[in-house]
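Observations on chain architecture
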Amino acid sequence: MTLPTGQSGSRAPFAPGALARCVARLRSVARRLRSLVLAPIIGGIKRRVEKLRDKVRRLDQRIAPLPGEVQRLKAELQSVSSAMQGKSRELEASLLALQQEAKSLRRDNARLSEQSVLLERLLIGVSGAAVGTSHVSSSNPVVSVIMPTRQRAHVLGRAVRSVLSQTFRQWELIIVDDGSDDHGDPSLATLFTDPRIFVHPRPFEGAASARNFGLQRARGELIAYLDSDCAWFPGFLAAAVNAFADDSVDLVYGALVTSEHGLNGRRTLFDRFDRAGLLRGNFIDLNVVVHRRVLVGRYGGFDESLTRLMDWDLLLRYTADRAPLELPVIAAEYGGGLKDRITRIATLGDNAFKIRQKWQTIPAVAKDLRVLYVIWHYPQLSETYIETEIRGMLRWGVTVEVWCETGPAASYPPSVPVHRGSLAEAIEKVRPHLLHIHWITFGREQIETFARFGLPITARAHGFEFSAAAMNRILEWPWLRRLYLFPHQVPADRPDPRIRMIRSAFDSRLFAPNARKNRHLAVRTGAALPSKDLQFCFELAKRVPDVRFVVAAVTCKKAEGYVDRLKEDWADSGTPCELMFDVPREEIAKLVGQAGIYLHTLHPPGHPKGTAIGMPVSIAEAMATGAHVLFRDLPELRGYVEDAGTPYTDMDSAAEAVARIAGMADDAWRPLYIRSVDRAFSLHADADVYRPVVKDWCEIAFAAIGAAGAQTPDGGTGSNMTAEGISMVG
């Protein structure tokens, strides 16, 4: 079959021109479609995008100040929070103060009630005091009256007459004349004709020895005491003797009429017996005491090492096992007013310190405690305050060893084992219950080791290295349990309970009162460092040539070259001041003990050579010997020394003070000497300063062992650090 022309089984191909025209038409159609359909859509999208961008910009503008506002609000919140915390602390402090005041008022109220009862008993006792027999016998006295006297002829008669006037007559009076040379009162000879009166003259040996002399000669079963410037009321011995009819009574005391015992307007000293109160201080005058003679054999007589407060010491021993009886009778009138009374011429602080040491306590577990000291260098002669602390701990039985980073520049024989090498090795060898650091900036270098072992840490700051920033850094340590600061370093609000106040402390076995001071000797001891301004002493010695000046300096680590500089300055100055270096500690104690004047020098904070001020231990050491301290007039040192010294502002004022003290009469010097000794032993004696530290250590170690399953640091269970072990022993 033949197909028609023009028909086939496939389409005929486009002509080239037709294809191009077709493409062009399609593109034209696409453009029209874009302009008619897509363009409005795209335009709308662009407008919406632009609107969104505008909205974002507006939001950005609104958001931009928000971080600052947030920070402002945070700061405001922090301020409010701090203010609230401060107010809370103030309220807590106020509440605590009110609670303490309320407690004090309750205590005062109870005390007033007790005193009212006692006064009623006094009135009843006075009106009902028994009258003794008129029979007089010197062969078999019931009461032996001990009366020491020295240079008291002008008042002795009144005291003796008060004994003769007693309604109870069976007594003997033993007068011990302790080196008097004032025998000009002729009336005494008449009084002494009574056969019951015995006078024993002897060389001067002191009040305690005189009373013991009398006790050795006493024949009565009861002992009473009367000072030669005091007087008894007539019914005292009668009432006292009647009280001893009760075999359970070993000691009685009555009421004292006085104007010299600080009674705030009252004139009668008579308080209910309180053993805890007696341990704090004496409230029973010896002139109103009567006791059985057997107590002398049981507890001993008066402590002859004491120059004052020997009555308090005796009463503490005589009432230790059995409380005394308060005797409701007006017993004696206190003399007072005499310039040569022991209370005016003898030091108080050192005697009170000796007595306190007999009765104060520490935890029984102290002897099981192991402490590793972490120190820069030891034993360094310029840092003997560390040695004083260590020796105090050793006396209480604490096991102490020392790790130090380097050796000293000027050494002395150490009292404990010393470890060098790494701190970690020392810890592993010693196995301490805790670590104790001196200098808070030094400890930062051992943080990795502290973290590795996790042992509890106590730290003690000093003067030259202290700052608030350094304090805050060490308070961030999780291992720190106590931070010991000098009083002026403690923050006013003391926000951290780990902070404890501690004072400088002198070694009470080296530094002791010396009444025979050389007021023409001025001494300065200290480190050979630029901050100490030792050159001041060189110039001052030239200003006051009648006074001997001695500077005893110590070579310091990393400042060895300064010794040569100091020697050159000394030689160039032409000073009469003596300069010595690295004197042993015991020799320094002797030198300071002789000096009437201790001169403390330094460049103040803010001076190019100055450093922060702590509590220089040399000042406490000097005060303990009775030296008068001359110190630069700075607040930190004023609070430290107070009335035990004289501040100076420049060379002229220092020279004037030295000359004035050197030229003092003995009567004018004596109060200065007493104030120095009393201040040192009241605030800076080693045992009193360090006793709270060792108690802290025992509590910290016990807590750490308990947290670790009651195991010792070496993994055993043999430690005596138990709750029962934290009992108190003398």
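Residues numbered from 1 in each chain as written. Predicted model: local features only at pLDDT ≥ 70, side-chain atom pairs only at ≥ 80, totals over all residues. Heavy atoms only, no water.

Now for the overall build of the chain. Within the chain, the secondary structure is distributed over 23 helices and 24 strands. The buried share of the chain, taken over its 730 residues, is 47%. Counting only carbon and sulfur atoms, one obtains 55% of the accessible surface of the chain, whose full area is about 35,700 Å². (Helix = DSSP H or I, 4+ residues; strand = E, 2+ residues; numbered from the N terminus. Buried < 20%, exposed > 50% of the residue type's maximum accessible area, 1.4 Å probe, protein only. Areas by Shrake-Rupley, 256 points an atom, 1.4 Å probe, with all protein chains shown as cover.)

In total, this model carries 39 salt bridges according to the counting rule given. A salt bridge links Arg158 to Glu333; the nearest nitrogen and oxygen atoms lie 3.0 Å apart. Of this pair, Arg158 sits in helix α3 (residues 153-164) while Glu333 is found in strand β9 (residues 325-333), placing the two residues 175 residues apart along the sequence. Judged by relative accessible area, which is 41%, Arg158 ranks as partly exposed. With a closest N to O distance of 2.8 Å, Asp313 and Lys358 form a salt bridge. (Salt bridge = Lys/Arg side-chain N within 4 Å of Asp/Glu carboxyl O.)

Here we take up helix α21 (residues 651-662). For α21, with 12 residues, the first-to-last C-alpha span of 16 Å sits near the 16 Å given by 1.5 Å per residue. Buried within α21 we find Met651, Ala654, Ala655, Ala657, Val658, Ile661 and Ala662. Axial view of α21: buried residues confined to an arc of 160°, hence all on one face. With a side-chain oxygen positioned 3.3 Å from the backbone nitrogen of Asp652, the residue opening α21 is Asp650. (Expected span 1.5 Å × (residues − 1). Arc of directions from axis to C-beta. Polar contact = N/O pair within 3.5 Å; in protein donor to acceptor, adjacent residues only side chain to side chain.)

Here the focus is the sheet that holds strand β12 (residues 399-406). The strand order across the open sheet formed by seven strands is β13-β12-β11-β14-β15-β16-β17, and the pairing between neighbours is parallel. Each edge of the open sheet carries a strand with a single partner, namely β13 (418-419) and β17 (499-501). Bridge count for strand β16 (residues 480-485) against β17 is three bridges, and the pairing is parallel. The residue of β17 that forms the bridge with Leu483 is Ile499. Set on the sheet, helix α15 (residues 468-475) makes contact with β15 (457-460), β16 and β17; between it and β16 the angle comes to about 160°. (Pairing = 2+ DSSP bridges. Contact = heavy atoms within 4.5 Å. Axes fitted to C-alpha atoms, helices over the stretch in contact; angles between N-to-C directions.)

Backbone geometry follows two general trends: most residues other than glycine have a negative phi, and most peptide bonds adopt the trans configuration. Residue Pro379 is bonded to the preceding Tyr378 through a cis peptide linkage, with omega at -5°. Topologically, Pro379 is positioned in the loop between β11 (370-377) and α12 (384-395). A positive phi angle is found at Asp533, which is not glycine, with a value near 50°. Here Asp533 lies in the loop between β18 (518-527) and α16 (535-543).

This next bit is on the sheet that holds strand β19 (residues 548-554). Across the sheet, which stays open at both edges, the six strands sit in the order β20-β19-β18-β21-β22-β23 with parallel pairing between neighbours. The open sheet terminates on both sides in strands that have one partner only, identified here as β20 (578-581) and β23 (645-648). Looking at each pair of strands side by side, their axes are set apart by 25° on average, direction ignored. Contacts from α16 reach β18, β19, β20, β21 (595-599), β22 (628-632) and β23 within the one sheet, and its direction differs from that of β19 by about 170°. On top of the sheet, α21 reaches β18, β19, β21, β22 and β23; it is set at about 175° to β22, its chief contact.

Enumeration according to the criterion identifies 14 aromatic pairs in this entry. Taking 5.2 Å as the distance between ring centres and 25° as the angle between the ring planes, the aromatic pair formed by Phe536 and Tyr648 counts as stacked. In this pair, Phe536 is assigned in helix α16 and Tyr648 in strand β23, connecting sequence segments 112 residues apart. We classify Phe536 as buried; its relative accessible area is 8%. The ring centre of Phe302 lies 5.6 Å from the NZ or CZ of Arg211, which sits over that ring. (Phe/Tyr/Trp six-rings, centres within 6.5 Å; stacked < 30°, edge-to-face > 60°. Lys NZ or Arg CZ within 6 Å of the ring centre and 35° of its normal.)

Further remarks concern the confidence of the model for the chain. This prediction gives the chain a mean pLDDT of 87; 85% of its residues lie at or above 70. In this model residues 721-730 is a low-confidence stretch, pLDDT under 50, and it forms 30 contacts with partners more than four residues away in sequence or in other chains. (pLDDT = per-residue confidence, 0-100.)

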